[in-house]
There are 2 protein chains.
Amino acid sequence: MSKVTLEDVSRAAGVSRSTASLVLRGNTRIPESTADRVRLAMAELGYVYNRHAANMRRRESMTLGLIVTDIRNPYFAGLTMSIEEAAHQAGYNLFVGYSRDDVERQYVQLETMVQQQVDGVFLLPATGSELSPVCGIVDRSEVPVLQLARYFSDELDYVGPDNLLAGQQLAQHLSSLGVGSAILIGGPEPSSARAERIRGLEAGFAGSGVSFDPSVSAATTNNAAGGSEGIAGILDQGIWPDCLIAYSDAVALGIYAELRRRNLEPGRDVSVASFDDITMAELLLPPLTSVATYPERIGREAAELLLKRIRDPSMAPQRSHISPALKVRASTAQWRPRP
Amino acid sequence: MSKVTLEDVSRAAGVSRSTASLVLRGNTRIPESTADRVRLAMAELGYVYNRHAANMRRRESMTLGLIVTDIRNPYFAGLTMSIEEAAHQAGYNLFVGYSRDDVERQYVQLETMVQQQVDGVFLLPATGSELSPVCGIVDRSEVPVLQLARYFSDELDYVGPDNLLAGQQLAQHLSSLGVGSAILIGGPEPSSARAERIRGLEAGFAGSGVSFDPSVSAATTNNAAGGSEGIAGILDQGIWPDCLIAYSDAVALGIYAELRRRNLEPGRDVSVASFDDITMAELLLPPLTSVATYPERIGREAAELLLKRIRDPSMAPQRSHISPALKVRASTAQWRPRP
DNA sequence: CTGTTAGCGCCTTCAA
DNA sequence: TTGAAGGCGCTAACAG
């Protein structure tokens, strides 16, 4: 029975309600003996602090929302876990919703979170997200929204990997290997992340003589099925580049599998590289060259920024880019140019 | 400004507050013309329904809590996503906490969820969970707790895989292959799931002549690192069984990697099998034999049960076991007895 | 340091 | 059908 109220506690402890309330909030001006008596009474009566009631007055709920597309991709799982950790550390509880990359679903989730009075929302936007519907939902309550890993608006905060640099690092590595041609496989077409990675790759390949045409590759879902589909589409056209650049490690897993279905061996018949560097990349055979994008750091940084934004809603929109790091492994390092 | 209240709306629409409230809840006895006027006013004023305020009166928050250990394991990620889906479908928002298999952390998360007035909690218990601290936190508010995938008490509801049957199915498959000896690798020692899988394996191997001694294998964390560590411990003792049974696919991934570091090939030098059948199992080389335990079904079933429990707190504790299905793949099927 | 008072926004009840 | 009133549990503001 969550029926034990602060009033009951204060009565049992022989103090006023305001005193009990102050003890709860750790006020130091209350003498220790009184505070102890109050705490004892709370324990004995089985008192449970009701945050909803507190919220009615304080106008903050100590909850945050997180909407991501799909956590079966370990990259997003790591991101989610680090955000949860930072939120809890700051005393917030976290509502989580999975949009499954469906915009409508995402908007519904955003709406219910706003109704639940969240103090802020981390949004890893579904493809097709736009500012105006988001604002329509959010502006009425002035809930700050932070864009995670992908962005669709300059007016909202953003924290994500430095995709441009990541693309550049990877391209430079590949051209140094003597790769003659490379193709990007998969990834959600309209995402800022994919566009940035492409721009980075183009910049990195510039002047190296490596042929790289981003328009060849079709967009796919960001998972293994997308990778299989993407590489199948390329091979079925009779195209056979020296290097396959997966949009992400999740996509690369599908590329490995599809290559083998066709009796091709990744790392030998074609080099393969990717982005994210999830744990699995290193454990695959051959180990997968990947650009680490550090989801844990992105999560920590995002939490820090959103909390700052909650404190100061008038601050100008911020963008934060986390530096990537290339991890060279056998999937590219063992590959040799065809004679 | 979540300052627009139902009173403002009713004033603007020229109706009473109770009428506006009834429109919100979809009452049909209100004439459509009136309802439309109210809805129009809500839209024009930018009204946001405040669930906290509603909760003060209705004594339900329309929120549920979910505490899992770690979603970087795709098995738990799938479980989490299916629970979120079912919760949203039923109109609930979901608080999520990751215990990282730390009991103390788990208790803190449980406590803050209770303070947030959750109507129920899904708990995938951290190793070392016990009934009395959980009850200490939960009983005061009478929040129902459902045990997910592992259990530590008969007094709480439970939904998880039928681990006994899963172990049996796998053992029978292995003995039919002519395996002479098998060892279980990894998994959290004190978990009900591990104990049940062992019992199932023992039952399945009984009378087959396959040597299987569960005491040989050390417990580990439920991830790739645990798998590598587990198999390393076995091989370093000079033990070399015909078959390695991983506690889970996540563990199996580490086994594959460690075997290869030692120039052993899974599926040829030793057969490997596992539990869970996450997407990756099929994509590995060699594809991994695994017993599917269907996290999506478990999640759906769990959500159904918890919602029923919320409606009827006096119901006797329920346990629900989801049937597994063996997926035979090359990691065992291609293995041949050593001469 | 304590007690009192007045809400936060909504829902329920009762009377009109 | 509508209006008025009371209260959910807490906190803030003020007067003792």
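Since this is a predicted model, take the numbers as computed values, not measurements. (Residues numbered from 1 in each chain as written. Chains lettered and ligands numbered in written order. Predicted model: local features only at pLDDT ≥ 70, side-chain atom pairs only at ≥ 80, totals over all residues. Heavy atoms only, no water.)

Caption draft 1: Structural detail: the packing of helix H1 (residues 6-13) of chain B against helix H3 (residues 32-45) of chain B. All names here are of chain B. Between H1 and H3, the shortest axis-to-axis distance is 8 Å and the interhelical angle comes to 120°. Viewed along their axes, H1 and H3 adopt a mutual orientation that is oblique. When you trace H1 past H3, the crossing you get is right-handed. Residues Asp8, Val9, Ala12 and Ala13 of H1 lie in contact with H3, whose contacting residues are Arg37, Val38, Ala41, Met42 and Leu45. A breakdown of the residues in the contact of H1 with H3 according to their chemical character gives seven nonpolar, no polar and two charged. (Axes fitted to C-alpha atoms, helices over the stretch in contact; angles between N-to-C directions. Helix = DSSP H or I, 4+ residues; strand = E, 2+ residues; numbered from the N terminus. Parallel < 35°, antiparallel > 145°, perpendicular 65-115°, else oblique. Left-handed = near helix turned anticlockwise from the far one by under 90°. Contact = heavy atoms within 4.5 Å. Nonpolar A, V, L, I, M, F, W, Y, C, P; charged D, E, K, R; others polar.)

Caption draft 2: Inspection of the domain arrangement of chain A at higher detail. Residues and elements named next belong to chain A. Along its sequence, chain A is carved into domain 1 (6-49), domain 2 (61-160 + 295-320) and domain 3 (163-294 + 326-333). Each side of the interface is counted separately: domain 2 has 13 residues, and domain 3 has 13 residues. Carbon and sulfur atoms make up 55% of the area that domain 2 and domain 3 hide from each other, which totals about 1,100 Å². For the domain 2 face of the interface with domain 3, the top three residues by lost area are Tyr75, Arg150 and Tyr151, together amounting to 40%. Counting the contacts that link domain 2 with domain 3 gives zero salt bridges. Taken together, domain 2 and domain 3 are joined by five residue pairs in polar contact (both at pLDDT 80 or more). Of all the secondary-structure elements, those providing two or more residues to the side of domain 2 that touches domain 3 are helix H5 (74-89) and helix H13 (295-311). Looking at the side of domain 2 that touches domain 3 element by element, the count peaks at four residues for H13. Its residues assigned to classes, the side of domain 2 that touches domain 3 shows eight nonpolar, two polar and three charged. (Domains from an automatic or database assignment. Buried area = accessible area lost by both parts, 1.4 Å probe. Salt bridge = Lys/Arg side-chain N within 4 Å of Asp/Glu carboxyl O. Polar contact = N/O pair within 3.5 Å; in protein donor to acceptor, adjacent residues only side chain to side chain.)

Caption draft 3: Fine view of the protein's contact with DNA strand D. Taken together, 23 residues lie around DNA strand D, and Leu6(A), Tyr47(A), Ser16(B), Arg57(B) and Arg59(B) are the ones closest in. In the model, a phosphate oxygen of DNA strand D is placed 2.7 Å from a nitrogen or oxygen of the Tyr49(A) side chain. Elements with a contribution of two residues or more to the surface near DNA strand D: helix H4 (51-58) of chain A together with helix H2 (17-24) and helix H4 (51-58) of chain B. When residues in the surface near DNA strand D are grouped by element, the largest group, five residues, is from H4(A). Split by residue class, the surface near DNA strand D holds ten nonpolar, seven polar and six charged. (Near = heavy atom within 4 Å.)

Caption draft 4: Spotlight on unusual backbone geometry. Residue and element names in this part refer to chain A. Residue proline 286 is bonded to the preceding leucine 285 through a cis peptide linkage, with omega at -5°. Along the chain, proline 286 falls in the loop between helix H12 (279-283) and strand E10 (289-292). A positive phi angle is found at glutamine 117, which is not glycine, with a value near 70°. For glutamine 117, a relative accessible area of 13% gives the class buried. (Buried < 20%, exposed > 50% of the residue type's maximum accessible area, 1.4 Å probe, protein only.)

Caption draft 5: Region of the structure containing the relation of the copies chain A and chain B. Superposition of chain A onto chain B requires a rotation of 180° combined with a translation of 0.0 Å along the rotation axis, giving an RMSD of 0.1 Å. Such a turn and shift between the copies fits a two-fold axis. The position closest to the rotation axis in chain A is occupied by the C-alpha of Phe95(A), lying 2.2 Å away. Residue by residue, 100% of the interface of chain A is reproduced at the interface of chain B, so both copies engage with the same surface. (Least-squares fit on C-alpha atoms with pLDDT ≥ 70 in both.)

Caption draft 6: Local environment of the side chain of Ser10(A). Residues and elements named next belong to chain A. Here serine 10 lies in helix H1 (residues 6-13). Judged by its relative accessible area of 4%, serine 10 is buried. For serine 10, the side chain forms a polar contact with the main-chain oxygen of glutamate 7, separated by 2.8 Å. In this structure, serine 10 is in contact with Val15, Ser16, Arg17 and Ala20, ignoring residues within four places of it in sequence.

Caption draft 7: Fine view of the pairing of strand E6 (residues 181-185) of chain B. Residues and elements named next belong to chain B. A large share of E6 lies buried, amounting to five of its five residues. Neither face of E6 is exposed, since Ser181, Ile183 and Ile185 on one face and Ala182 and Leu184 on the opposite face are all buried. Sheet topology places E6 next to strand E7 (residues 211-212); two bridges connect them, and they run parallel. The residue bridging serine 181 from the neighbouring strand is serine 211, located in E7. Once the chain exits E6 it traverses helix H9 (residues 192-205) before rejoining the sheet at E7, and the crossover so formed is right-handed. Looking at chain direction, E6 and strand E8 (residues 243-246) are connected through four bridges and run parallel. By the bridge assignment, leucine 184 is partnered in E8 with isoleucine 245. (Pairing = 2+ DSSP bridges. Right-handed = clockwise from strand over helix to strand, strands pointing away.)

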